[in-house]
Structure formats: structure tokens, C-alpha cells
Amino acid sequence: MAMERTNLLNMAKLSIKGLIESALSFGRTLDSDYPPLQQFFVVMEHCLKHGLKVKKSFLGYNKSLWGPLELVEKLCPEAAEISASVRDLPGLKTPLGRARAWLRLALMQKRLADYLRLLITRKDLLSDFYETSALMLEEEGAVIVGLLVGLNVIDANLCVKGEDLDSQVGVIDFSMYLKNDIDDYRSEESQIASILDQKNYVEELNRHSTVHGLQGRVDSLEKSNSKLIEELAIAKNNIIKLQEENQQLRSENNLILLKAQQHLEVTQGDVSLERDTYKQSRQGLDEMYNEARRQLKEECQLRQDVENELVVQVSMKQEMELAMKLLEKDIHEKQDTLIGLRQQLDEVKAINVEMYQKMQVKARFLLPYFPNILLQEAERHRTSAEEGTRRFKLDFANKADSLQRQIEHKEKLLQQLETDLKIEREWRQTLQNDLHREKDTVAQLSTEALQINGLKKEFHRLQDENIQLKNICEDQEQALEELGSKLSESKLKIEDIKEANKALQGGQVWLKDKDATHCKMCEKEFSISRRKHHCRNCGEIFCNSCSDNELPLPASPKPVRVCDTCHALLLQRCSSNPT
């Protein structure tokens, strides 16, 4: 680990120094295609990855460089803008891509040294991500951070949004630091010293990677060969189990997704149908409700008018009853008066008869003595008595006729009052019936309003169920995406194990030229114009169009020819596990 820290420190010195010198000679504003700048980011990536702890994930192990860089946001609020910009970039899918974008944005802000200085001062936080002997926790990290201050003289104009930072291969190109201007090295002693430093560094690298180191490495590999064979057998079993589980999970996920889609379609259809039905019913109910409210207002106004009229009729009825009682009382009094007058008439008749009888008796007694005088006196008394009787009869007849006419008028008035009272009773009964009907109508409208409220609650409940189903569908889709990424990682691990098995069983097997007559990929026959080419990774023979790719391999730092299949596999492996 100490040797690795030293080598990384030397590479960082060379990279930063070469970047500053080339930027000053080329121009201080650099873009993303500038080779020294690209190599600087590769070196910084290796420095930040040194001693990084491996974190266990769902289906394997992974090293995340994005974790420690996120701490800068907590330590320095000014870095929150960079972190938010990195998270909002649409093309970044891996933590490594976010970390690379963060380094580029920090360099454009000229705050890379400041951010990393804050980060290395908090070793208690870095210990969660790095081993104890990692470069970021030792003195070499502080030296590299000090060297980064010199980059503030450079203006970088980098287009982070358009770059494919997830799939870049982080390989250090040592040839860049060995090249220099050969025409001017004799005239500039500083360049000669730099070339000598580079030569000494390369010799140091070669010395540590001599035959002794390789022999010791071979011995250690031979010792661990037996363990690897056992682990390979276990890994094969695990691969078979994982394949079975992946197949089962895939089938289950497809079934769950199909059911969820069917359920979602059915639910959406039901919800749309219920929504349309609810809108139509609600429109009709609103119209009915408005009509009912209008009728209710009219009925309430009519009821108020009827009640007012009823009150008036009741008061009139009371007055009529009182008038009838007074009329009956007056009739009874007049009847009593008429009876008294008749009695008086009978008494007067009796008195007249008695006086007439007395006069006749006196006349018979006095007739012999005073015949003329008595006769005249008797005649005069008779005449006066008849005149009094006639007058009394006339007065009595007039009074009787007057009383009779009053009685008839009172009886007519009584009949009219009874008729009016009967009509008022019928009208009151009609009003009471109308009032009961209005009460029933109001109760029915209240019931319909309660039903409308129930329909509203049901509609809201259906909306909540629809939202819940959408959330479940989104969660299932996200789970399927995660399972797809885990399956791709499992495939990559399977390929790694297959390659390790191939290496343990005797290394890479190269196919002989005479054994191949057709291209393994396009199956076209080889000829003089279509030549044979070996893939340096799998050892198979392909034509030029199927193997026109170059990538650096672990056994060969220089780019070598690989087939299209290996090229895609290696790019995918580098994007998922850059180490």
C-alpha cells in the first residue's frame, strides 16, 4: 500500500506538472478533448480509488467513489450547487459517472483543491469509505491536494452533459509522460531534468515489476490455485442457483407485470366509466337539486303565505265565533222581550175584558137612573178602550214584525257564518295536506342530497384507489429495472468467473488458423481478400469487419484487437466495475 501511494503521488506530480506546462504553452482555456486533461482526471480517479472499501450490495460487491465526494456538500455549503447539478444530469446512471462529472465541475469552479482539503481534514468521516492505509488518509493525499492549487491558473471549459462518463475506461497512458520535444531537449536543461526524472520513475516501476515480483506472484497464484478451484466449484453451483433464481424471478416479474398491467387497464377502464357515469349522474342530480331548491323556495314562500292567510282566517274565525255568540245572545234577549210583550198583551186583554165586564155591570146598575149619560160615558170609554187596544195591537204588531225581521236577518247571518266557517275548515284542511306534502318533498330532497354526498365520497375513494394502483405500478416498474440491472451485473460476474476458470484450466486457448475456415460471428468464408484475425481476449478467429476494435487488456497495457462481442462485454464491465 505504501508503494502504491508513492507511485500514485509521482504520477499525480507528473500529471499536474505536465497539464500546467502544456496549458501555459497551448492556452489557458482547455476543453474536454485535451489529452493531458483527460489523463489528469484518470490519475485523480485512481488516487481517489486507492484503498476504497468494498461495499456489499444486493447481488455482489461494489466500490462507490461517489460516496466520499458527497460528503463535501455537508462540509462546504458552496459545493451543494455542484452536487445538485450532477444529480440532475440526465445521462448519468452510475455512481462512477457522477463522481467524474463532479471532478470536472469542481475543476471548472477552480475549487477542486479547496473541496478535497476540506475532505481530507475529516478523517473520521473518510474512515467509513477508505481503508486505514489509503492515500486519502495519509500524507500523500495532503501533498496531492497542495499540488492541485496550481491548477487555479487554468481555465477549463468542459461539456459534462454531452459526455458518456459512465462507460469511459480509466487507463493511464504512460507514453504521454515519456514524450517530449526532441528538437529542444539539448537547449533546455529543465526539460532534460524532467526526462531524467521520468526515466528514473519508469525504471523504478520496471524494477518493482521485474521477474522476482512476477515469480513471487506466480507462486502465490499457484498456492491459491487449489482454493480457487474449490471456490470455482462453489461459484459454479452459485451461478446455477443464481441462473435458476434469475429465471424464476424473471418469470415471476413478467407475470406480476402482466397482472399489474391487466389490473391497471381494468381499473382505468372502470374508473373512466365510473367517472363518466358520475359526471352524467352528477349533472342530472345538480339539475334536479337546483330544480328542487327552486321548488322548495317556491313551496316555502307559498307555505309562508298560506300560514299568514291561515292566521288571518283563524283570527277571522274567532271574530265570527264571537259575533255569532253575541248574535245568539241578542236573539235570545229579543225572544225573551217578545215573550214578555205577548204576556203583557194577554194581561192587557184580560184587564180590558175585566173592565168591560165591570162597565156592563155598572151600566145595568145605573141605566135606570142615568140612561143617556151612562150610555155616552160607556160609549166614550169603549171607544177609548178600542182605540187603545187598536194602538197597542198596532205597536205590538210593529214590534213583532221588527223582531221577526231581525230574527230572520240574524238567522241568515248565522247560516252565512256557518257556511264561511265550513269553507274555512275545508281550506285549512287543504293547507294542512299541502303542508304535509311539502314536508315529504323536503325530506325526499334531503335524502337525495345525502345520496349525492355519498356519491362524492365514493368518487374520491375511487380516485385514491387509482392513485394507489399507479404508485404500485411505478414501484413494480422500478423493482423490475433494479432486477434488470442486478441481472446484468450477475451476467458480468458469470463472465468473470468463466474467464477465471479458463485461466485456471490452462490460460487462454488460441484457435489454430487451419481449424477455422469461416468467421465465428458472421460465418463468412475466409479468402485472400477476407483474412483471418485472432481476438486477443477470447482467442477465436474472426474477419476484419467483426474484429475491428482495440482495447487495452490486463495482460497488455497497449490497445489490442478484440472482437465485437468481447469489445461490448469489456466496455460494459468497465462501466459497471471500473477497477
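If you look the chain up in an unreviewed UniProt entry, it shows as RUN and FYVE domain containing 2 from Oryzias latipes.

Participant: What is the right way to look at the overall build of the chain in this model?
Facilitator: Each helix and strand in the chain was counted, giving 13 helices and eight strands. Residue burial in the chain is summarised as follows: out of 579 residues, 27% are buried. The contacts in the chain between residues at least 6 apart in sequence include a share of 68% that link residues at least 24 apart. Entry remark: accessible area of the chain is about 38400 Å², with carbon and sulfur atoms responsible for 54%.

Participant: Can you help me understand the pattern of salt bridges in this one?
Facilitator: A side chain with one charge can pair with a side chain of the opposite charge if their charged atoms come near. Inspection of the entire model under this criterion finds 17 salt bridges. With its nearest N and O atoms 3.4 Å apart, the salt bridge here joins Glu140 to Arg5. Of this pair, Glu140 sits in helix 8 (residues 139–147) while Arg5 sits in helix 1 (residues 2–26), placing them 135 residues apart in sequence. Here Glu140 matches Arg5 in class, with each residue buried. Residue Arg391 is joined to Glu387 by a salt bridge in which the shortest nitrogen-to-oxygen separation is 3.1 Å. Of the two residues, Arg391 and Glu387 both sit in helix 12 (residues 371–504), four residues apart, roughly one turn of that helix. Among the charged side chains, a salt-bridge network with shared partners connects Glu78, Arg111, Asp114 and Arg117.

Participant: Looking at this model, I keep getting lost on helix 2 (residues 35–49). Mind explaining?
Facilitator: Within an α-helix, residues lying three or four positions from one another point in the same direction, as the helix has 3.6 residues per turn. The end-to-end C-alpha separation of helix 2 is 21 Å, in line with the 21 Å expected for 15 residues at 1.5 Å each. Of all 15 residues in helix 2, twelve are buried, a share of seventy percent or more. Listed in full, the buried residues belonging to helix 2 are Pro36, Leu37, Gln39, Phe40, Phe41, Val42, Val43, Met44, Glu45, Cys47, Leu48 and Lys49.

Participant: Is there a simple way to think about the packing of aromatic side chains in this case?
Facilitator: By convention here, two paired aromatic rings are described through the distance between centres and the angle between planes. Tallied over the entire structure, the rule returns two aromatic pairs. Pairing Phe40 with Phe41 gives two aromatic rings, centres 5.5 Å apart and planes at 55 degrees, and the pair type is tilted. Ring geometry for Trp102 against Tyr115: centres 5.9 Å apart, planes inclined by 45 degrees, an arrangement best described as tilted. Taken together, the residues span a long stretch of sequence, with Trp102 in helix 5 (residues 95–109) and Tyr115 in helix 6 (residues 112–121) at a distance of 13 residues. Trp102 sits in the buried class, given a relative accessible area of 0%. Against the face of Phe41 rests Arg104, its NZ or CZ located 4.2 Å from the ring centre.

Participant: Got a minute to help me understand the nonpolar core in this structure?
Facilitator: Nonpolar side chains in soluble globular proteins tend to end up buried together. Counting 62 residues, the largest nonpolar core has Leu37, Phe40, Trp102, Tyr130, Leu148 and Leu151 as the members making the most contacts within it. Among the elements that line this core, the one with the most residues is helix 1, at nine residues. One finds Leu553, Val560, Val562 and Cys566 within the second-largest nonpolar core, a separate group that totals 16 residues.

Participant: Is there a simple way to think about the environment of Val442 in this case?
Facilitator: Along the chain, the position of Val442 falls in helix 12. A relative accessible area of 31% means that Val442 is categorised as partly exposed. With 149 residues separating them along the chain, Val442 and Arg293 place their C-alpha atoms 9.2 Å apart.

Participant: Even after reading the chapter, I still don't get a negative patch on the surface, so can you show me in this structure?
Facilitator: A cluster of acidic residues, Glu474, Asp475, Glu477, Glu481 and Glu482, forms a negative patch at the surface. Since its relative accessible area comes to 48%, Asp475 is described here as partly exposed.

Participant: What am I meant to see in helix 8 here?
Facilitator: For helix 8, every residue scored as buried is listed here: Glu140, Gly141, Ile144 and Val145. All buried residues of helix 8 lie within an arc of 140 degrees about the axis, which places them on one face of the element.

Participant: Is there a simple way to explain the confidence of the model for the chain in this structure?
Facilitator: Detail in the predicted coordinates should be disregarded across regions flagged by low pLDDT. Per-residue confidence for the chain gives a mean pLDDT of 78, with 82% of residues at or over 70. Per-element confidence in the chain ranges from a low mean pLDDT of 48 for strand 3 (residues 61–62) to a high of 91 for strand 6 (residues 541–542). In this model residues 57–61 is a low-confidence stretch, pLDDT under 50, and it forms eleven contacts with partners more than four residues away in sequence or in other chains. Predicted confidence is poor over residues 179–188, with pLDDT under 50, and the contacts of this stretch with residues over four places away or in other chains come to eight contacts.

Participant: Looking at this structure, I do not really get unusual backbone geometry. What am I missing?
Facilitator: Excluding glycine, a negative phi dihedral is what most residues carry, and trans is how most peptide bonds are arranged. Positive phi outside glycine occurs at Lys110, with the angle close to 60 degrees. Tracing the backbone shows Lys110 in the loop between helix 5 and helix 6. Positive phi values are uncommon outside glycine, yet Glu523 reaches one of about 60 degrees. The residue Glu523 is located in the loop between helix 12 and strand 5 (533–534) in this model.

Participant: Mind showing me how you'd approach the side chain of Arg104 here?
Facilitator: Inspection of the secondary structure puts Arg104 in helix 5. For Arg104, a relative accessible area of 7% corresponds to the buried category.

Participant: Would you take a moment to explain the packing of helix 2 against helix 5 for this structure?
Facilitator: Relative orientation and spacing of two packed helices are given, respectively, by the angle between their axes and the distance between those axes. Closest axis-to-axis distance for the helix 2/helix 5 pair is 11 Å, and the angle between their directions is 120 degrees. It follows that helix 2 is oblique to helix 5 by the angle criterion. When the axes of helix 2 and helix 5 are compared, the crossing they make is right-handed. Across the interface between the two elements, Leu37, Phe40, Phe41, Glu45, Leu48 and Lys49 from helix 2 touch Leu96, Arg100, Leu103, Arg104 and Leu107 from helix 5. Class assignment for the residues of the contact of helix 2 with helix 5 results in seven nonpolar, no polar and four charged.

Rules used in this analysis
- Residues numbered from 1 in each chain as written.
- Predicted model: local features only at pLDDT ≥ 70, side-chain atom pairs only at ≥ 80, totals over all residues.
- Heavy atoms only, no water.
- Helix = DSSP H or I, 4+ residues; strand = E, 2+ residues; numbered from the N terminus.
- Buried < 20%, exposed > 50% of the residue type's maximum accessible area, 1.4 Å probe, protein only.
- Contact = heavy atoms within 4.5 Å.
- Areas by Shrake-Rupley, 256 points an atom, 1.4 Å probe, with all protein chains shown as cover.
- Salt bridge = Lys/Arg side-chain N within 4 Å of Asp/Glu carboxyl O.
- Expected span 1.5 Å × (residues − 1).
- Phe/Tyr/Trp six-rings, centres within 6.5 Å; stacked < 30°, edge-to-face > 60°.
- Lys NZ or Arg CZ within 6 Å of the ring centre and 35° of its normal.
- Core = buried A, V, L, I, M, F, W, Y, C linked by side-chain atoms within 4.5 Å.
- Patch = residues over 30% accessible without salt bridge, like charges linked within 9 Å, V, L, I, M, F, W, Y side chains within 5 Å.
- Lys, Arg positive; Asp, Glu negative; His and termini not counted.
- Charge placed at Lys NZ, Arg CZ, Asp CG, Glu CD.
- Arc of directions from axis to C-beta.
- pLDDT = per-residue confidence, 0-100.
- Axes fitted to C-alpha atoms, helices over the stretch in contact; angles between N-to-C directions.
- Parallel < 35°, antiparallel > 145°, perpendicular 65-115°, else oblique.
- Left-handed = near helix turned anticlockwise from the far one by under 90°.
- Nonpolar A, V, L, I, M, F, W, Y, C, P; charged D, E, K, R; others polar.

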